[in-house]
Each structure stands twice: as C-alpha cells, then as structure tokens.
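Here's the letter readout for the chains.
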Amino acid sequence: MATLETRQNVASLLRMVILFLIAVAAVSSRLFSVVRYESIIHEFDPWFNFRATKVLTQDGYYRFWNWFDPTAWYPLGRAAGGTVFPGLMVTSGTLYNILHFFHVPVNIRDICVMLAPMFSVLTVLAAYLFTSMMKDDAAGLLAALFIGIAPGYISRSVAGSYDNEAIAIFLLLFTFYLWVRSVRDGSMLFGMLTALSYFYMVAAWGGYVFITNMIPLHALVLVLMGRFSERLYVAYSSFYAIGTLASMQIPFVGFQPVRTSEHMAALGVFGLLQLIALTETVRRYVSSAQFKVLVRASVAILALAAFAALVALTYAGYIAPWTGRFYSLWDTSYAKKHIPIIASVSEHQPPAWSTYFLDLHCLALLFPAGLFFLFQELRDEHVFVVIYAVMASYFSGVMVRLILTLTPCVCVCAAVAASTLIDTYAGASPEAPKRTERTPRTKRLPIESRCLVIGCLMLVLELFVLHCTMITSMAYSSPSVVLASQQNDGSSVIIDDFREAYYWLRENTPQDAKVMSWWDYGYQIAGFADRTTLVDNNTWNNTHIATVGKAMASPEERAYPILRQHDVDYVLIIFGGLLGYSGDDLNKFLWMIRISQGLWPDEIKEHKFFTSSGEYRVDDEASPTMRDSLMYKMTYHRYNELFGGQAGMDRARNSRGPSTSPQLATLDEVFTSENWLVRIYQVKKEDALGRSLSAAQAFDQGQPLRSAPFPIHADAIVP
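These numbers come from a predicted model, not from an experiment.

**Student:** An account of the pairing of strand E2 (residues 492-495) is requested, with residue identities and associated values reported.
**Tutor:** Of the two faces of E2, the one lined by Val493 and Ile495 is fully buried and the one lined by Ser492 and Ile494 carries no buried residue. Judged from the four bridges that link them, strand E1 (residues 483-486) and E2 form a sheet pairing that is antiparallel. Each bridged residue has a counterpart across the sheet, and for alanine 484 the counterpart in E2 is isoleucine 494.

Written out as structure tokens, the structure is:
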C-alpha cells in the first residue's frame, strides 16, 4: 500500500512538473515579438482596446462605462463604453490596480502586451482538465502541450496581440470543461460555474454565440439519443437561467439573449427540457394508456404554440432576425453579394488547405483518429467533442479566422489519438505472458515493430515542435506596424514607415485635425497619433465607410466637396509599390469601390475601373475612370521622380505605373515616409468666397502650416 501511495505521489509530482514546463514553453514561444522588436501593441483592433484600457485605468470604471469618444467616426462620434465587450479591458485594468495596490510599478502597456502569454498558461491548464475527462491524465498532458505551442492558437495570443481572443480561447475551453463536468456529475454547482464562466466569455468576445449554441445543441443531441437524465436537466437549467441573466448585464449585449434569433435555440432547448421533465413526472402518476394520449396531445399543442409565438414575435419585430454575419457563415457568397464590407476583410475569406497545415501541422492528421477513438466509447462528454469537431470544422472552412475556434478541439482529439497509440504500442510489457481472444493484436507484435511505430510517432511530434517554433517566430511574431525585410546579403532591414508617419501626424498637425484614411488604419491613427478619424475598424456605420470609399474612387472635382463637407484636413494612404507590400490601398481599392457602389450605384460603377478586356491595370492602359480617381492620383503622385522621370515599377502589382505622374489640384503632399509606404496629403482650404488658398495664405489666415514634401533620397529604394 505504501508503494502504491508513493507511486501516486510521484506521478502527481511529475504531472505538476510537466505542466509547469509546458506553461513555460507556452509563454516563451509567444515572446519572439518582444525579443526581436520591442514591447508594442500589434495589428489594428488591439490599438482601440489599448486606448480603452488607458481610459479605464486613468479615469476609473464609471468613466469607462460612459465613455463617449468624439474623435472617432467624425462628426458622429462613438459611445465607446456601451459598444464594446469590456472583459479584456476590465481584466487588464484589474491586474493593473492589483499590482499597484502592492506597489509594483508596472506600466499598463506592459500588462496589455503580456496579457495573452499570461492567459496561455490558463489555456494550457483548461486543455489538461478538459482532455483528462475525455481519456486520462496522459492525454491531458499531450493536449496541454499541443494547445501551448500550436500556431492556430499562437496566431492570436503572441505578446502584443491585445485582442479579445487573447483571453477568449481560455474562457471557451474552460466553459466547455465546466459544462461536460456538470453533465457528468449532474452538479448544480458546476452548472452555476459554467454560467459564470459563460458570463465572463460574453463580456470578453462576440464569439460567445458559439457557446450559446454549442451547449444547447449538445443537450438536444443527448435527448435525441435517448440520454435524457436528471443530471442533464440540472446542469442545463442552472446554466441557462444564471448564464442568461448574467449575460444581460453586459451593456453591449443587453436584451439580445431574449430578443435575437441567435439565442432562440438555447431558449427552445430550455423549454424542451422542462417539458420532458414534466412528462417524466406525470408518467409516475398516470396510467400508461392515459399517459400516451396526454403526452401526444400536450406535445403537439405546445410545439405548435411555441412555433406560432416565435413566428409572431419575429414578424412583430420583437425578435430580431438572423444577422448578416450569421448568414455569411452558412452561405459563403452571402457577404460578397450583400455585405461587401465583411467580405473585404482578409480573415473573413475561406482558408486554403495549406492554412490548416500551417496552423495545425500533424494535428490535422491525428484529429480524425482521435474522433474515431472517442466514437468507440461515446460517453456524454465524447458526444460533446464530436459535435464541437463537426461544427468548428465547418465554420473554419467558411472563414479562415475561425480556425482559431477549431484549434482547441483539434488539440484535444489529437492528444486522445496520440495517447491511445502510445498506450497500445508501448503500454504492454514486451513479454506478454498470455494470449487471449481479447488481447489486442498490436500487443502480440514483436518489440521491433512496436518500437518502429513509437519512433515514427515521436519523430512526427518532434517535427511538430520544430514547425510550431519556426512558424511562430517568422509568421506570427511580426507587428503589423513594423515590417522586417532581408537584403541580398541576408542582413535584416527594419521598415518603420507606419510609426514614422503616425509620429509625424502627432507632432506636425493641430490637435483637432481630422484625418481621412481607409477604415483599416483608424484605430492605429487614433492610438499612435491621437488624431480624429472619419472611420475606423469598428465598421458599425456602412454609410460612413462607403462615403470614404466614394471620395477615394471619385475624380478630384467630385471628391473635394466630400472632403470639405466632412472637415477633412489630411488624407492618409498606404502605397506598397516601392517595397512590394501587397496589402496597400490600391490593392484594397476594389473593395472601396464595391462598398460605395452599394449606396451610389449610379455614380460608382465597378466595371468602369477595369479595362475593356476586364483587366485591373495601373499603367498607361488603365481605364480613364481609374486614372481620374483620387486614390490613383495620390498613389502615383511624384512616383516617377524616383526613376528619373520614367514610368516607375510598381512591385506590389508587378507592373509599370503611369508614364506621367498624376497632378493634384486640391491636395498638397505634406509627408511621404522613407520607403514611400505611407503618404499624407493636406486638403487645400478655401476662403469665404470659395477660392483655393495656397499654403502661405492659409498660414497667414491662421490655418495649420503644412511642411514641405518629404525629400526624395536615392537610398529610399530598398532592394
């Protein structure tokens, strides 16, 4: 007995040590961006989250809840406090206040940068707990390792990736763990904990709707499989009642759980479980013949009444219909046809098959094997994983961003498969003493064959670790505002044009200057330069975004009134022709055209921006509408001067630009970054008579002074 207890203690200690090492690996693999660059916020959306967190820590929670941002969506502004999921900001603000309470002088920026790596540790623990319920502790440790270093999760959780997904994946996996635990034990306590974790998830990420429908779907499938039990009833009822009431406390969510179609499935399953429970209670006190008649009549009446009520409430407008974002998950062409602003986002495009290998590597192959092993036993918790796998696989195929929600399920199933293979080929003693009919055939294999299988599995897992390290360090650890390139001799070149331009805006423009750019850069302009923007990454007002697209796609004489009407002082564009940066505004130009065409089909016509043969060209063969557009003129203005007056080579589109540089009559170039990646133009002012003012006249009349155009240097051309 003492020996057995000692072995159990040693095993527990080893599990703790292994989990600690996995947590260290998870955090370390997310620090490449800080080590290679610096402690900086990445991407676009995180910059708004950072600004909001600073408001919360500087002005307090009450000021944050009532924060109105007049510098966004000018001249509309944005009631930011009531239109965000506050979980991320509140988490960071709470950590900041706790550390400062204990006199730890940490900067809020460092907390925001390191929040995702810190929560990756919690995700590792959640994966261990969840997978241990599926099989055993060994599988749990493998799942913890997989989720800790899988690129599919790291892509949204590197240091500096201060987005909602930084904490949401932990909450997703932990909520699922609590749910299957509550179903297994029939525990009201775990049902309540599931609801509280769900509440935190609702506060943190709009993807909470996935949980809102996954848990009811699991309960419904169990009912259809004939597995209804008091355990399921207690777990779901406690989860739904507490979780729904708690989620309604988030201002941005409000009454959506009882008024939108996305939440009706959860309500319907709740009602169904109450009906089944009532039926089981009546069965005990009514004879069999009477029970059949009563149940058939009751079910038919209640089903018709519920359906009629749903239709009536939806028709009356009390229950909102499905949103366009939801439809786009089921119909891949819906967004492109009806909501081009959603389709214009690269992460909303369907993924290529290579993306699955990039983000999952060998886990994608172990994934179906794990599902097969779960099917062999198919307990209630296994049913949940199977449903999760089917739903997440489909949604990830529709939208590349949703590979993130598939990754935890893949890691769990892959861990079950790898653990089962190890148990099968390495678990038995090499000298199996007896052979029985129930002995697996693999245990009768010679030791050489079994070692070969285990060796191949270890080799594949080692390649997985190397792949994760390489992809994380190269593909997912580069801030979007700092680009890295290599010269012909292999030396690294840091391209810092974005921050250079934002710093110029901050230091050389008035505090109340209004900047127009495409919506992708709104959050960064507000965060870096602290200047008012017309549109940003919130994308809540399609008309305002379409107005910016219309100005960019229109000739100067029609774009200028739009700029003046919206008090635009500066226009910022991204041009990647010199560097070969493919994500510039000219490559996004077609989406600007499509979005604006949706509102002004008589003025903006997409086909006019193509040549007669249907080509999208930027050289002298470009269509007249393209050459006259404001975007085209701002993009290639003075570009030929870099090439001695000849047509400049546009490396982003692998084409020559116009042989003659376009001239601008209503805008003045005031800044072009070192590598011509960011270009800023100032809108010319008018006097009381509507006459255009020169820069000197504008300064004399108290208008902001513009600087001279950025000088062209010979070394500006980067190979």
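**Student:** Can you tell me about helix H24 (residues 497-508), naming the residues and giving the values?
**Tutor:** If you check H24, its first and last C-alpha atoms are 16 Å apart, about what 12 residues at 1.5 Å a residue would give, namely 16 Å. Within H24, burial applies to Asp497, Phe498, Arg499, Ala501, Tyr502, Trp504 and Leu505.

**Student:** Requested: an account of the sheet that holds strand E3 (residues 514-516), with residues and values cited.
**Tutor:** If you walk across this open sheet you meet the five strands as E4-E3-E5-E9-E8, and the pairing is mixed. Only two strands of the sheet have a single neighbouring strand rather than two, namely strand E4 (532-533) and strand E8 (667-672). Bridge count between E3 and strand E5 (residues 570-574): two bridges; the pairing is parallel. The residue bridging valine 515 from the neighbouring strand is tyrosine 570, located in E5.

**Student:** Which residues make up the pattern of salt bridges, and what values go with them?
**Tutor:** Summed over the entire model, instances satisfying the criterion amount to 29 salt bridges. In this structure, arginine 109 engages aspartate 110 in a salt bridge whose closest nitrogen and oxygen atoms are separated by 3.8 Å. Residue aspartate 110 is classed as partly exposed on the basis of its relative accessible area, which comes to 30%. Connected through salt bridges with shared partners, the residues Arg156, Asp163, Glu165 and Arg401 form a single ionic network.

**Student:** Can you explain the packing of aromatic side chains? Please cite residues and give values.
**Tutor:** Scanning the model with the defined rule gives 43 aromatic pairs in all. For the pair phenylalanine 498 and tyrosine 581, a centre-to-centre distance of 6.3 Å together with 75° between the ring planes defines the contact as edge-to-face. With phenylalanine 498 in helix H24 and tyrosine 581 in the loop between E5 and helix H28 (585-597), the pair connects residues that are 83 residues apart, well separated along the chain. Using a relative accessible area of 2% as the deciding quantity, one classes phenylalanine 498 as buried. For tyrosine 581, a relative accessible area of 25% translates into the label partly exposed. Taking 5.6 Å as the distance between ring centres and 75° as the angle between the ring planes, the aromatic pair formed by phenylalanine 575 and tyrosine 636 counts as edge-to-face. Of this pair, phenylalanine 575 sits in the loop between E5 and H28 while tyrosine 636 sits in helix H30 (residues 630-636), placing them 61 residues apart in sequence.

**Student:** Could you give me a rundown of the packing of helix H6 (residues 108-134) against helix H7 (residues 137-149), with the residues and numbers involved?
**Tutor:** Close contact between H6 and H7 brings their axes to 7 Å; oriented N to C, the two are set at 145°. Our pair here, H6 against H7, has a crossing hand that is right-handed. Touching Thr123, Val124, Ala127, Tyr128, Thr131 and Ser132 of H6 are Asp137, Ala139, Gly140, Leu141, Ala143, Ala144, Ile147 and Gly148, all from H7.

Rules behind the numbers
Residues numbered from 1 in each chain as written. Predicted model: local features only at pLDDT ≥ 70, side-chain atom pairs only at ≥ 80, totals over all residues. Heavy atoms only, no water. Buried < 20%, exposed > 50% of the residue type's maximum accessible area, 1.4 Å probe, protein only. Helix = DSSP H or I, 4+ residues; strand = E, 2+ residues; numbered from the N terminus. Pairing = 2+ DSSP bridges. Expected span 1.5 Å × (residues − 1). Salt bridge = Lys/Arg side-chain N within 4 Å of Asp/Glu carboxyl O. Phe/Tyr/Trp six-rings, centres within 6.5 Å; stacked < 30°, edge-to-face > 60°. Axes fitted to C-alpha atoms, helices over the stretch in contact; angles between N-to-C directions. Left-handed = near helix turned anticlockwise from the far one by under 90°. Contact = heavy atoms within 4.5 Å.

None of the figures reported here should be taken as evidence of function without further support.
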